[in-house]
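Here are the chains, one letter per residue:
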Amino acid sequence: MNPSHVLALALASALISPSALAHGAAHGHAPADVPHAPARSTSAPAEQQPWGIAGRAEQVTRVVDIRMNDRMRFAPDHLRVRQGETLRLRVHNDGQVLHELVIGTQAELRKHADLMKRFPEMDHDEPHMVHVAPGQTGELIWTFNRPGSFDFACLLPGHFEAGMVGRITVTPRKTQ
Ligand SMILES: [Cu+2]
């Protein structure tokens, strides 16, 4: 291959990748978003969130399938979890457009949805979210180590507002 072809290929991939990666790269949360987060230790890279912590495959205790569609709904739209369970969420996109599943508190998700509306090109990717292309299946492994009532939502502009939201109820571990 002659050098000009190599250059053309490099340019082409440089042009393609930003859009392909859009919505894929990381964006950080201000520490103020996570008031209960303990100090990070070097051996535990997973960040404790009020709604749980990233899980590992070997910790999975249950697999749950969730379907997303262009009517802006999740099915099921309510999960019941016992504190300490690690779920593998298999998230299927039955629609024709990109959808995502993001877990959080209601306040956190609302704030995040507002950001997405103001900055539609905003890249975001964290362990508590999965973006799924039409017809594809994505996965998310999450340990629900905090009891409470949390939500999951699709934060793509317009989807959250159309009601693409579900509920996760984490019942506390028995104390006796
Ligand atoms: Cu959506």
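All figures in this text were calculated on a predicted structure; none of them were measured in a lab.

(A) Focus on the confidence of the model for the protein. This prediction gives the protein a mean pLDDT of 82; 74% of its residues lie at or above 70. Segment residues 1–42 is flagged for pLDDT under 50; beyond a separation of four residues in sequence, or across chains, it makes 25 contacts in the model.

(B) View of the pairing of strand β4 (residues 78–82). Side chains Leu 79 and Val 81 project from β4 onto a buried face, and the interleaved His 78, Arg 80 and Arg 82 project onto a face without burial. Where β4 and strand β10 (residues 165–171) come together, five bridges link them in parallel fashion. For Leu 79, the partnering residue across the bridge sits in β10 and is Ile 168.

(C) Structural context of the sheet that holds strand β6 (residues 99–104). Ordered in space as β4-β10-β9-β6-β7, the five strands form an open sheet in which the pairing is mixed. What marks the edges here is a single partner per strand, and that holds for β4 and β7 (129–132). Ignoring strand direction, the axes of neighbouring strands in this sheet form an average angle of 20°. Taken together, the four bridges between β6 and β7 define a ladder with antiparallel strand orientation. Residue pairing across strands places Glu 100 opposite His 131, the latter belonging to β7. Across the sheet, helix α2 (residues 106–118) is in contact with β6 and β9 (148–153); its angle to β6 comes to roughly 140°.

(D) Here's a closer look at α2. With 13 residues, α2 ought to run about 18 Å at 1.5 Å a step, and its terminal C-alpha atoms sit 19 Å apart, in line with that. What α2 keeps buried is the set Glu 108, Leu 109, His 112, Ala 113 and Met 116. Axial view of α2: buried residues confined to an arc of 130°, hence all on one face. In α2, the exposed positions angled more than 90 degrees off the buried face are occupied by Ala 107, Asp 114 and Arg 118. Contact partners of the buried residues in α2: β6 and β9.

(E) Local environment of unusual backbone geometry. Here Ala 75 and Pro 76 are connected by a cis peptide whose omega angle stands at 0°. Looking at the secondary structure, you find Pro 76 in the loop between β3 (73–75) and β4.

(F) A look at the pairing of β10. Looking at chain direction, β9 and β10 are connected through six bridges and run antiparallel. Considered in β10, the bridge of Ser 149 is made with Thr 169.

(G) Summary view of the sheet that holds strand β2 (residues 62–69). Here we have five strands laid out as an open sheet, ordered β1-β8-β5-β2-β3, and mixed in their pairing. Both edges of this open sheet fall to β1 (53–54) and β3, since each of them pairs with a single strand only. In this sheet, strand β8 (residues 137–143) lies alongside strand β5 (residues 86–93) in antiparallel orientation, the contact comprising seven bridges. Bridge pairing links Arg 90 to Glu 139 in β8.

(H) Expanded view of the environment of Arg 80. Within the secondary structure layout, Arg 80 lies in strand β4. In this structure Arg 80 comes out as exposed when scored by C-beta crowding, with 11 C-beta atoms within 10 Å. Note: C-alpha distance between Arg 80 and Val 170 (90 residues apart in sequence) is 6.1 Å.

Definitions and limits used
Residues numbered from 1 in each chain as written. Predicted model: local features only at pLDDT ≥ 70, side-chain atom pairs only at ≥ 80, totals over all residues. pLDDT = per-residue confidence, 0-100. Contact = placed C-beta atoms within 7 Å. Buried ≥ 20, exposed ≤ 12 C-beta atoms within 10 Å, placed from the backbone. Helix = DSSP H or I, 4+ residues; strand = E, 2+ residues; numbered from the N terminus. Pairing = 2+ DSSP bridges. Axes fitted to C-alpha atoms, helices over the stretch in contact; angles between N-to-C directions. Expected span 1.5 Å × (residues − 1). Arc of directions from axis to C-beta.

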